[in-house]
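# Geometric and topological summary
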Amino acid sequence: MMKKMSMPTSKTSLVLFLCQIISALDVPLDLSQPPTITQQSPKDYIVDPRENIVIQCEAKGKPPPSFSWTRNGTHFDIDKDAQVTMKPNSGTLVINIMNGGKAEAYEGVYQCTARNERGAAISNNIVIRPSRSPLWTKEKLEPNHVREGDSLVLHCRPPVGLPPPIIFWMDNAFQRLPQSERVSQGLNGDLYFSNVQPEDTREDYICYARFNHTQTIQQKQPISVKVFSMDSLNDTIAANLSDTDIYGAKPVTERQPVLLTPTGSTSTKVELRGNVLLLECIAAGLPTPVIRWIKEGGELPANRTFFENFRKTLKIIDVSEADSGNYKCIARNTLGSAHHVISVTVKAAPYWITAPRNLVLSPGEDGTLICRANGNPKPSISWLANGVPIAIAPEDPSRKVDGDTIIFSHVQERSSAVYQCNASNEYGYLLSNAFVNVLAEPPRILTPANKLYQVIADSPALLDCAYFGSPKPEIEWFKGVKGSILRGNEYVFHDNGTLEIPVAQKNSAGTYTCVARNELGKIQNEVQLEIKDPTMIIKQPEYKVIQRYGQVSFECIIKHDSTLLPTVTWLKDNDELPDDDRFLVGKDNLTIMNVTDKDDGTYTCIVNTTLDSVSASAVLTVVARPNPPFDLELTGQLERSIDLSWIPGDENNSPITNFVIEYEDALHEPGVWHYQTEVPGTQTTVHLKLSPYVNYSFRVIAVNKIGRSQPSEPSEQYLTKSASPDENPANVQGIGSEPDNLVITWEPLKGFQSNGPGLQYKVSWRQKDVDDEWTSVIVANVSKYIVSGTPTFVPYEIKVQALNDLGYAPEPSEVIGHSGEDLPMVAPGNVQVHVINSTLAKVHWDPVPLKTVRGHLQGYKVYYWKVQSLSRRSRRHVEQKILTFRGNKTFGMLPGLEPYSSYKLNVRVVNGKGEGPASPDKVFRTPEGVPSSPSFLKITNPTLDSLTLEWGSPTHPNGVLTSYTLKFQPINNTHELGPLVEIRIPANESSLILKNLNYSTRYKFYFNAQTSVGSGSQITEEAVTIMDEVQPLYPRIRNVTTAAAETYANISWEYEGPDHVNFYVEYGVAGSKEDWKKEIVNGSRSFFVLKGLTPGTAYKVRVGAEGLSGFRSSEDVFETGPAMASRQVDIATQGWFIGLMCAVALLILILLIVCFIRRNKGGKYPVKEKEDAHADPEIQPMKEDDGTFGEYSDAEDHKPLKKGSRTPSDRTVKKEDSDDSLVDYGEGVNGQFNEDGSFIGQYSGKKEKEPAEGNESSEAPSPVNAMNSFV
């Protein structure tokens, strides 16, 4: 069975390759080999004193090794200690503490030895120490009394624990104390105040120490801090402090920085290579100092430098010797600076350059073990053999020690041993085991046979050939069963036997053979390689911006190898999607419903197969209206201005464009917010101008592209001082409401414009152009004052001034007003009318003197009306018409007059009060005009060559009619017009017979009337002469009948009218308001099958003819049959029915032959009685003289059609026309039709065929009627 191996990506392949290199050094466990330590406890092992101590030591070897321990350098006999056991087949010790043992009794240095016949391996020295979490020593803590602005240090001094505890400060409510640039915790756990403020006063500053190993927290006694401000110091400090303290108290003053830690100007720091370097500077000062760090003579290392604790701590990770040097911290505020230099030296515990590696040699081979390490200071190298210093170990002539190297020459089996290299300096040591194993083994391949490798095209392929042998075998690769050895640049051959194809193509697939050989033998192994198409994302998710509560979708459409099964996983911010029903994962997409702010982030589509993985990401940005600003603060309060500042709320991923500031006047309009100003979105402060005597509150609204935020919480209130008004009322006017008064109005000042209490107005007026003194009156806060007893319409100078309890506003400007108006006194004179044409006249008048207007001249009004029409000499009441001409105009146009009429007019002047008297009526006449069209034109009595025309006179003759003009011309079938004929008709005529026309011809007529001015508009009509003297028959569709089945219905009808008409059928559900459905009938058939109907439904139907507008039949209603449970058997397809019908047809044929014979002999036969019994009233009765059927004719005479006969489209009788209709063979529900229209029901003889003209016989009578004739 072929085993399957996947190679997902180049990274995975590299990891696999490295693993193969390591595994190639391993000796198979079925071969003899010295011990190898595989697992051991850490060198510094801190244990929980409440739990059992487990000291690990695991090893492998052949034969399996035995284990022993030393403690503090001497043999540790575990058999003598009942609390100590060793795990079976292991060297791991378990010290039972939970059953009475004490962890302190087992402190010490432990070392494990694993031994078999080929050597001994040893572990590191494992130092066992139980963790400690001692209690705080009891101490009496005095309250800290501090002056505002001074610095303060609260000492923690935690107990010494193992390992050291984690320190943090909290209050009695177990809430962490807030820290800032001013207050922060140092690396030693103390709490530093750069300067204290009154809000620092509290009695529960508590230092906590958390010991992680024992999972315990120790608490220090609470520390009390009392901060005295200078305002209250003289009143309260005397009871607590000495006289010296009291008299030494000074006001709070700013101070330049002083370093609290470290002290002095310089200090030193030693750190080990690879550790984290932490440097700290905390300074006192007011204002709070800011810390900055520099490295003298160099730059702080990029990507490894971090600032913590408000930049008071410099953190450099993974330090090296290059990080040694002088680091300076600088504390600065507005008054100065202080600095401290820390000299950093980076030392190094030993670290490997080349660790010794296991040697597998065959007898007689040579080899070396190399042990190279570095450190600061330089470590010393020492060797051990099987755990014993090599100097006192048994001699081996094949080895030679040369410093950090052991050289082996011509080794033998007894040379097998485990060697230990120890590199140590004052900061630590390294210990490494490496064995020398002397074996003679033929090659063996450790990779399973026929292993299957699958890789993605254009990726590296690594084919494994793990091997072992001593001496070391040589490896060769072949492709195919009989392929040649692989060589060349397209392949890479690794020392561990792996064959690498850097870029595998489709043609790289196949069977590969690995051959391993040494002097003791040869072996080979085959592996298989398959190349797969890469997985691709052909439609990647795209960046999306969505508003809150919207819906968004990300697409992820993939293409993959058909033999691989992909799985698609969606991540949000590199983590699983939230467990939320709003996230809908489809086959090719991710949809998020009702998007919220927390959905903002990066969404990644990951497609995994067993061989490869691809991903694509897109960012979702959720935008919304900004959050409201907060923390509004008022500063810089002045009488007429103030500064407002705020903190912006979250902009919700859409930048804030501007802030709108609104204010409320709680004194005058509480609860009403007014617009004040707005500032750009980058600004968070604004200088506001204020009005006196306003109790201001402010709020701020943030605006972005999505919309406006909710208003912020209102600011504190600010009441401005009162002052005299700054402005006067606006829109001052003086307009009289009566002829003897003057009404002065103004817009009152708004509440905040009053500037103080007691708002009033001083109203002043005097007559213009008259040497009068000002008359003044002070009124309350109103908007109107009426001055009585004024002359009519006289100009006045007016002014209104605001005042309050603190004084007057500035002197107001004057405005001109007028006292009240009265009606004009005189009418316009010299009114003249100039008639321009029959519908337009111009009127002139002289203006009235302005003094007589007694008000503001608004214009003139012209009243005019029609007295009578000169053509009819009849009088009737006509409503007056009015035209207004604005301003001081002296003429105007009167449009829309009626021709040949008599009019009157007068003119009146208009002011603000109303109209003056009318001028004397002026009479004028309009001349004749052209008449309107005749009221009607009818064409009657068409004959072969004549038509009769009748008309009505024009509704508006507009003068004296002189004549009528008739024009007409023929129209052919293609609607082309023939020659035009014109006839003049006297005005007193109302009808005319046109003769000598062409028969069966359509004519178009144009008819109008004339006056002496000219011709009026014309009226048109069309008419047709007939072809014969037969009375013409207009088109009609009648007798619409239906035969309905379950899902279809057969519609039939009768038509009378022109030939070659295309019919259509319209239908719909009865009682429904839906539009009619329309079906076109092919040809000129008089039946149609409606299909696709709903069973058991009532339908309405009607038939129409194309091209004949509005020409339709009356509606008919029918109902389809109910739906059947199963399809009924069609009787027409049954054999017995077909046979019966054939027999009936034969019998009918015989009967018809007999009928014709008897008819030709002139005799009578019983059919007549049957016909009389079933006679249709529309059918011509039989002739009594010869007893023959009425519809047959023996001679070829041309008899006219009976009543109800049909006429062709030209309304003349034509011969040899067929009159077939399905209606004649079946009506109502008695007759049924198949869907193709074929008749399948019972025969019905309701009505016979209508007779045809000439010697053509009609269709044969109904077979049933024929059969009834002989019954």
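This structure is a prediction, so every number in the text was calculated from the model and none was measured. Per chain, residues are indexed from 1 in the order of the written sequence. Two thresholds apply to this predicted model, a pLDDT of at least 70 for residue-level local features and 80 or more for giving and counting side-chain atom pairs, whereas whole-chain, interface and lining totals are computed over all residues. Only hydrogens and water are set aside; all other atoms, that is, all heavy atoms of the structure, feed into the side-chain values.

## Things to note about the overall build of the protein
Check the secondary structure of the protein and you find seven helices and 94 strands. For the protein, the accessible surface area stands at approximately 67,700 Å², while carbon and sulfur atoms represent 50% of it. Runs of H or I in DSSP of at least four residues are treated as helices and runs of E of at least two as strands, each being numbered from the N terminus. With residues, only the protein chains shown are counted as cover, and all accessible areas are computed by Shrake-Rupley using a 1.4 Å probe.

## Some words on the packing of aromatic side chains
Think of it this way: a Phe, Tyr or Trp ring, Trp meaning its six-membered ring, pairs with another when their centres are within 6.5 Å, and the plane angle makes it stacked under 30 degrees, edge-to-face over 60, tilted otherwise. What the rule picks out here adds up to 24 aromatic pairs. Between Phe 408 and Tyr 419 the ring centres are 5.5 Å apart and the planes differ by 65°, which places this aromatic pair in the edge-to-face class. Highlighted residues: Phe 408 in strand S36 (residues 405-408) and Tyr 419 in strand S37 (residues 417-425), separated in sequence by eleven residues. There is no split in this pair, since Phe 408 and Tyr 419 are both buried. Using a 1.4 Å probe on the protein chains alone, a residue whose accessible area is under 20% of its type maximum counts as buried, one over 50% counts as exposed, and one in between counts as partly exposed.

## Re the pairing of strand S60 (residues 658-665)
Counting buried residues along S60, eight of its eight residues qualify, which places the element largely inside the surrounding structure. Judged by which residues are buried, S60 turns out to be covered on both faces: Asn 658, Val 660, Glu 662 and Glu 664 on one side and Phe 659, Ile 661, Tyr 663 and Asp 665 on the other are all buried. Pairing between strands is defined by DSSP: at least two bridges between the two strands are required. Direction of pairing for S60 relative to strand S61 (residues 669-680): antiparallel, over a ladder of eight bridges. Paired with Phe 659 across the bridge in S61 is Val 679. Counting the residues between successive antiparallel strands, the hairpin from S60 to S61 contains three residues. Here S60 runs beside strand S63 (residues 695-703); their pairing, made up of eight bridges, is antiparallel. Directly across from Val 660, in S63, lies its bridge partner Ile 701.

## Overview of the side chain of Lys 572
Its location among the elements puts Lys 572 in strand S52 (residues 567-572). Residue classification places Lys 572 among the buried residues on the basis of a relative accessible area of 11%. Under the rule applied, a polar contact is a pair of N or O atoms within 3.5 Å (in protein, one hydrogen donor and one hydrogen acceptor; residues adjacent in sequence only if both atoms are side-chain atoms). Within the structure, the side chain of Lys 572 is placed 3.2 Å from the backbone oxygen of Asp 600, a separation counted as a polar contact.

## Considering the side chain of Asn 728
Relative to the elements of secondary structure, Asn 728 occurs in the loop between strand S64 (718-719) and strand S65 (730-735). Reaching out from Asn 728, the side chain makes a polar contact with the backbone nitrogen of Ala 802 at a distance of 2.8 Å. Polar side-chain contacts of Asn 728 include one of 2.6 Å to the backbone oxygen of Pro 810. Note on definitions: a residue-residue contact is assigned when non-hydrogen atoms from the two residues lie within 4.5 Å. Once residues within four sequence positions are removed from consideration, Asn 728 is found in contact with Leu 749, Val 800, Gln 801, Ala 802, Ala 809, Pro 810, Glu 811 and Pro 812.

## A closer look at the sheet that holds strand S78 (residues 891-894)
The strand order across the open sheet built from three strands is S73-S74-S78, with neighbouring strands paired in antiparallel fashion. The open sheet has two free edges, formed respectively by strand S73 (829-837) and S78, since each of these has just one partner strand. Strand-to-strand, the axes of this sheet are offset by a mean angle of 20°, without reference to chain direction. By the bridge criterion, four bridges tie strand S74 (residues 840-846) to S78 in an arrangement that is antiparallel. Counted as the bridge partner of His 844 is Phe 891 from S78. In this analysis an axis means a line fitted to C-alpha atoms, helices contributing only their contacting stretch, and an angle means the value between N-to-C directions, from 0 to 180 degrees.

## Notes on the state of the cysteines
Two cysteine sulfurs form what is called a disulfide whenever their separation falls within 2.5 Å. Applying the stated criterion to the full structure yields six disulfides. The side chain of Cys 556 participates in a disulfide bridge whose partner is Cys 605; the two sulfur atoms lie 1.9 Å from each other. Disulfide Cys 556-Cys 605: torsion about the S-S bond near -65°, hence left-handed. Pair noted here: Cys 556 is in the loop between strand S50 (552-555) and strand S51 (557-559) and Cys 605 is in strand S56 (residues 601-608), with a separation of 49 residues, a long-range link. Each member of the pair, Cys 556 as well as Cys 605, is classed as buried.

## Some details on the nonpolar core
Among buried residues, the Ala, Val, Leu, Ile, Met, Phe, Trp, Tyr and Cys ones that are joined through side-chain atoms within 4.5 Å form a nonpolar core. Membership of the largest hydrophobic core comes to 28 residues, with the highest contact counts inside it found for Ile 53, Ile 55, Trp 69, Ile 95 and Tyr 110. Elements with a minimum of two residues in this core: strand S4 (53-55), strand S5 (57-62), strand S6 (66-71), strand S9 (93-95), strand S10 (108-116) and strand S12 (126-130). Tallying contributions element by element places S10 first for this core, with three residues. When neighbours within four sequence positions are excluded, Ile 55 is seen to be in contact with Ser 41, Trp 69, Gly 91, Thr 92, Leu 93, Ile 95, Tyr 110, Ile 126 and Ile 128. Membership of the second largest hydrophobic core comes to 20 residues, among which are Leu 634, Ile 642, Leu 644 and Phe 752.

## What about the pairing of strand S32 (residues 372-376)?
Taking every second residue as pointing to the same face, the buried face of S32 carries Ala 373 and Gly 375, while none of Arg 372, Asn 374 and Asn 376 on the other face is buried. Of the pairings in the sheet, the one linking strand S29 (residues 336-354) to S32 comprises four bridges and is antiparallel in character. Residue pairing in the sheet places Thr 354 in a bridge with Arg 372 of S32.

## A closer look at the pattern of salt bridges
A pair is scored as a salt bridge if a Lys or Arg side-chain nitrogen falls within 4 Å of a carboxyl oxygen belonging to Asp or Glu. If you walk through the whole model with that rule in mind, you get 36 salt bridges. Residue Arg 50 is joined to Asp 48 by a salt bridge in which the shortest nitrogen-to-oxygen separation is 3.1 Å. Of the residues examined, Asp 48 reaches a relative accessible area of 12% and is grouped as buried. The shortest N-O distance in the salt bridge between Lys 220 and Glu 139 comes to 2.3 Å. One end of the pair, Lys 220, is in the loop between strand S19 (216-219) and strand S20 (223-228); the other, Glu 139, is in the loop between S12 and strand S13 (144-147), with 81 residues separating them in the sequence. Assessed through its relative accessible area of 3%, Lys 220 is described here as buried.

## Quick word on the sheet that holds strand S44 (residues 492-493)
One open sheet holds the three strands; their spatial order is S41-S45-S44, and the pairing between them is antiparallel. Strand pairing shows two members of the sheet lacking a second neighbour, strand S41 (461-463) and S44, which therefore form its edges. Note that S41 and strand S45 (residues 499-501) share three bridges and pair antiparallel. Opposite Leu 463, over in S45, you have Leu 499 as the bridge partner.

## Comments concerning unusual backbone geometry
Residue Pro 63 is bonded to the preceding Lys 62 through a cis peptide linkage, with omega at 0°. Counting through the fold element by element, Pro 63 comes out in the loop between S5 and S6. Going from Thr 261 to Pro 262, the amide bond is cis rather than trans, its omega being -5°. Phi is positive for Asn 755, close to 65°, though the residue is something other than glycine. Structurally, the position occupied by Asn 755 is in the loop between strand S66 (741-747) and strand S67 (760-767). Residue Asn 755 is classed as buried on the basis of its relative accessible area, which comes to 2%. With a phi close to 65°, Asp 769 is a non-glycine residue in the positive phi region. Inspection of the secondary structure assignment puts Asp 769 in the loop between S67 and strand S68 (775-779).

## As for the confidence of the model for the protein
Close reading of the predicted structure is inappropriate where its pLDDT is low. On a scale of 0 to 100, pLDDT captures the predictor's confidence in every residue. Taken over all residues, the pLDDT of the protein has a mean of 84, while the share at 70 or more is 85%. Segment residues 1-24 is flagged for pLDDT under 50; beyond a separation of four residues in sequence, or across chains, it makes 45 contacts in the model.

## Quick notes on the environment of Ser 470
Inspection of the secondary structure assignment puts Ser 470 in strand S42 (residues 467-470). For Ser 470 and Asn 437, which are 33 residues apart along the polypeptide, the C-alpha to C-alpha distance reads 10.0 Å. Polar contacts involving the side chain of Ser 470 include one to the main-chain carbonyl oxygen of Leu 439, which spans 2.5 Å.

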